[in-house]
Amino acid sequence: MESGINPWSSTPDVDIARLFTDFGIEPVEEVAGALESAPAFFRRKIVVGHRDYGGVVNAINSKTHFNVMTGFMPSGHPHLGHLMVMREVVWHVEQGGSGYVAIADREAHAVRGLSWDACKKYGREYLECLYALGFTGTTYYQSENERLKDLAFEAAIRINFSDLSAIYGFSQETSLAHADSVATQVADILYPQLMGGPAPTVVPVGIDQDPHIRLTRDIAHKMRWFTVLDSGDLISVRSKNAPSHALDAVADAFPGSRRYEGHVDIPGADCISVSEKVRALEVAEGGYGFITPSSTYHSFMQGLQGGKMSSSVSDSLFWFDEPVADVKKKVMGALTGGRMTKEEQFRLGGEPDKCPVYLLNLFHMIEDDTELLEIRSACLCGSLLCGACKKATFERVKEFLSDFKERRDAISHKVVV
Ligand code: TRP
Ligand code: SF4
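Being a predicted model, the structure only gives us computed values, none of them experimental.

Participant: Explain the overall build of the protein chain to me, and be specific about the residues and the numbers.
Facilitator: Counting its secondary structure elements, the protein chain contains 18 helices and 11 strands. On C-alpha atoms alone, the protein chain measures out to a radius of gyration of 24 Å, which is about the 22 Å that the 2.2 N^0.38 rule sets for 417 residues. Principal-axis analysis of the C-alpha atoms gives the protein chain an extent of 80 × 45 × 45 Å. Residues classed as buried in the protein chain amount to 50% of the 417 residues present. Looking at the protein chain alone, contacts between residues at least 24 apart form 73% of all its contacts between residues at least 6 apart. By element, 52% of the accessible surface of the protein chain is carried by carbon and sulfur atoms, the whole surface being about 18700 Å². Across the protein chain, the mean location of the 42 positive side-chain charges is 4 Å away from that of the 55 negative side-chain charges.

This is the structure in structure tokens:
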């Protein structure tokens with residue numbers, strides 16, 4: 001398999017350094033530094049990488065149109081492991097982004113074998129969580145969205161089996177519906193631009209979803225009718241597969257241009273403004289004019305027991321609707337970065353960076369950086385002991401869960417199945 005990442009594996013095992021060097025994911029610091037106020041997931045280096053996020057940062061800063069889009073596979077109840085993406089989506093909506101969330105029921109049905117009814121039920125829970133966290137925007141179930149499915153079919157014209165086997169390791173045994181669910185995810189990511197016109201779009205995902213992002217970026221590019229080349233004193237608008245009326249429209253829009261069989265040359269023009277105008281013409285003539293979508297990648301919080309967080313290891317996480325007594329057991333029984341004895345802890349201090357309890361606070365339970373830093377220092381210098389620290393953490397979790405439940409109940413009516 002090309003990248004060694006399989007998005008359908010239950011335990012994604014991803015070499016982040018290799019993704020950066022081999023697959024062109026950029027470290028996030030520089031681009032996030034241009035944000036006027038960076039959210040915790042950037043400040044705390046939870047989001048580690050991105051592709052092309054700069055366009056979205058510009059749109060945030062200049063208050064121009066952009067989208068944030070993601071999807072959830074409704075294959076079980078939502079849990080702690082889903083919270084980061086949800087927060088990222090909500091934050092982008094708060095920054096002025098148009099929000100889009102897909103419930104990937106085609107994928108859950110085709111790949112995980114869930115019934116449509118189960119997909120409905122779980123999907124509802126994800127949407128409730130999102131609205132409870134402050135989401136506004138467009139949500140849909142893939143199976144019910146006709147325009148999405150048509151877009152998936154159009155996208156599928158540009159996807160062939162060798163792409164699928166190179167990117168995902170698909171073989172002769174892979175079902176057609178699984179391949180179709182990939183085309184549907186490509187369509188999910190392009191859907192905001194189908195509905196609202198070309199605009200920068202960010203897809204916040206875990207790094208395991210990068211194969212889908214790479215494929216979608218490639219397909220978005222292939223679905224464009226034109227490429228614009230800057231050859232110094234001449235800007236050349238080349239048709240990739242534009243109908244001839246669209247090439248005529250380009251020639252008409254630029255006085256002094258020369259129309260050839262498959263391209264239009266424009267002397268003395270500025271490449272960026274030509275590109276933007278050509279994109280608008282493409283849309284006006286019936287094309288998509290997609291802006292290649294961007295992505296951000298967050299790292300995964302380790303499970304409460306150490307090791308991977310996964311719904312198949314029930315002690316590694318908690319579900320949002322789990323009885324609070326069970327959640328307490330999990331938090332109080334979590335692995336820590338503490339020492340074997342009290343005496344050792346006083347002397348050497350704990351190891352917060354290796355501690356799932358600390359990471360739970362860092363990812364989700366403490367908003368204030370100063371408070372987090374105080375815990376970190378107290379842990380490092382041995383003045384905080386793990387028992388007390390876990391107890392305080394559980395109190396925060398309890399508070400979060402009861403507040404979350406209240407909000408879910410209050411917005412439940414917004415979720416229309
Ligand atoms: N494949 C994703 C998952 O397994 C779900 C998904 C569907 C998605 N459509 C999407 C993610 C669009 C990001 C963007 O969780
Ligand atoms: Fe983790 Fe808290 Fe113990 Fe430090 S004191 S190792 S942060 S549980």
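Participant: Any chance you could break down the nonpolar core for me, citing the residues and the numbers?
Facilitator: Ranked by size, the top nonpolar core spans 72 residues in total, and within it Tyr 53 and Phe 318 carry the most contacts. A total of 10 residues in this core trace back to one element, the largest contributor, which is helix H7 (residues 116–133). Once residues lying within four places of it in the same chain are set aside, the contact partners of Phe 318 are His 79, Leu 80, Leu 304, Val 327, Lys 330, Leu 360, Met 365, Val 397 and Leu 401. With 33 residues, the next largest nonpolar core counts Ile 159, Phe 170, Ile 189 and Tyr 191 among its residues.

Participant: I'd like a rundown of the pattern of salt bridges, residues and numbers included.
Facilitator: Between side chains of opposite charge, a pair can form as their charged atoms come close. A complete count under the given rule lists 23 salt bridges for this structure. For Lys 354, the salt bridge is made with Glu 351, and the minimal N-O distance between the two is 3.3 Å. Overall, Lys 354 belongs to the exposed group, its relative accessible area being 54%. The network of salt bridges with shared partners includes Arg 43, Arg 44 and Asp 369.

Participant: Can you break down the site of ligand 1 residue by residue, with the values?
Facilitator: All residues adjacent to ligand 1 are Met 69, Thr 70, Gly 71, Met 73, Ala 104, Glu 107, Gln 185, Asp 188, Ile 189, Val 203, Val 205 and Gln 209. Between ligand 1 and the protein, one listed contact pairs a nitrogen atom with a side-chain N or O atom of Asp 188 at 2.7 Å. When the free accessible area of ligand 1 is taken as 370 Å², the share hidden by the protein chains comes to 90%. For the shell around ligand 1, the elements supplying multiple residues, two or more each, are strand E3 (67–72), helix H10 (176–196) and strand E6 (201–206).

Participant: Would you mind going over the pairing of strand E10 (residues 263–267) in detail, with residue names and values included?
Facilitator: Walk down a regular strand and you will see the side chains alternate between the two sheet faces. Within E10, 4 of the 5 residues are buried, which leaves it mostly tucked inside the rest of the structure. In terms of strand pairing, strand E8 (residues 234–239) meets E10 through 5 bridges, oriented antiparallel. Bridge assignment links Leu 234 to a residue of E10, and that residue is Pro 267. As defined by bridge partners, strand E9 (residues 258–259) adjoins E10 across 2 bridges and the pair is classed as antiparallel. When the sheet's bridge partners are listed, Arg 259 is paired in E10 with Val 264. Connecting E9 to the next strand, E10, in antiparallel fashion are 3 residues.

Participant: Kindly report on the side chain of Ser 295, identifying the contributing residues and their values.
Facilitator: Structurally, Ser 295 is set in strand E11 (residues 294–298). Within the local environment of Ser 295, its side chain forms a polar contact with the side chain of Tyr 297, the two groups lying 2.7 Å apart. Every residue in contact with Ser 295, bar those within four places of it in the chain, is listed here: Gly 49, His 50, Arg 51, Tyr 53, Val 202, Val 203 and Ile 213.

Participant: Go over the packing of helix H8 (residues 146–156) against H10, please, and point to the residues and values.
Facilitator: Across the interface, H8 lies against H10 with an axial gap of 8 Å and an inter-helix angle of 115°. Classified by the angle between their axes, H8 and H10 sit roughly perpendicular to one another. Crossing of H8 against H10: the hand is right-handed. In contact with Arg 147, Leu 148, Leu 151, Ala 152, Ala 155 and Ala 156 of H8, H10 contributes Ala 183, Thr 184, Val 186, Ala 187, Asp 188, Leu 190, Tyr 191, Leu 194 and Met 195. Its residues placed into classes, the contact of H8 with H10 shows 12 nonpolar, 1 polar and 2 charged.

Participant: Now, about the sheet that holds E3: what can you tell me, with residues and values included?
Facilitator: In spatial order, the strands read E1-E2-E11-E6-E3-E4-E5; together these 7 strands make up an open sheet with mixed pairing. Looking along the sheet, the strands with just one partner apiece sit at the ends: strand E1 (26–27) and strand E5 (138–141). Relative to the sheet, helix H5 (residues 83–94) contacts strand E2 (47–51), E3, strand E4 (98–103), E6 and E11, its axis offset from that of E3 by approximately 155°.

The rules behind each value
Residues numbered from 1 in each chain as written. Chains lettered and ligands numbered in written order. Predicted model: local features only at pLDDT ≥ 70, side-chain atom pairs only at ≥ 80, totals over all residues. Heavy atoms only, no water. Helix = DSSP H or I, 4+ residues; strand = E, 2+ residues; numbered from the N terminus. Rg over C-alpha atoms; globule rule 2.2 N^0.38 Å. Buried < 20%, exposed > 50% of the residue type's maximum accessible area, 1.4 Å probe, protein only. Contact = heavy atoms within 4.5 Å. Areas by Shrake-Rupley, 256 points an atom, 1.4 Å probe, with all protein chains shown as cover. Lys, Arg positive; Asp, Glu negative; His and termini not counted. Charge placed at Lys NZ, Arg CZ, Asp CG, Glu CD. Core = buried A, V, L, I, M, F, W, Y, C linked by side-chain atoms within 4.5 Å. Salt bridge = Lys/Arg side-chain N within 4 Å of Asp/Glu carboxyl O. Near = heavy atom within 4 Å. Polar contact = N/O pair within 3.5 Å; in protein donor to acceptor, adjacent residues only side chain to side chain. Pairing = 2+ DSSP bridges. Axes fitted to C-alpha atoms, helices over the stretch in contact; angles between N-to-C directions. Parallel < 35°, antiparallel > 145°, perpendicular 65-115°, else oblique. Left-handed = near helix turned anticlockwise from the far one by under 90°. Nonpolar A, V, L, I, M, F, W, Y, C, P; charged D, E, K, R; others polar.

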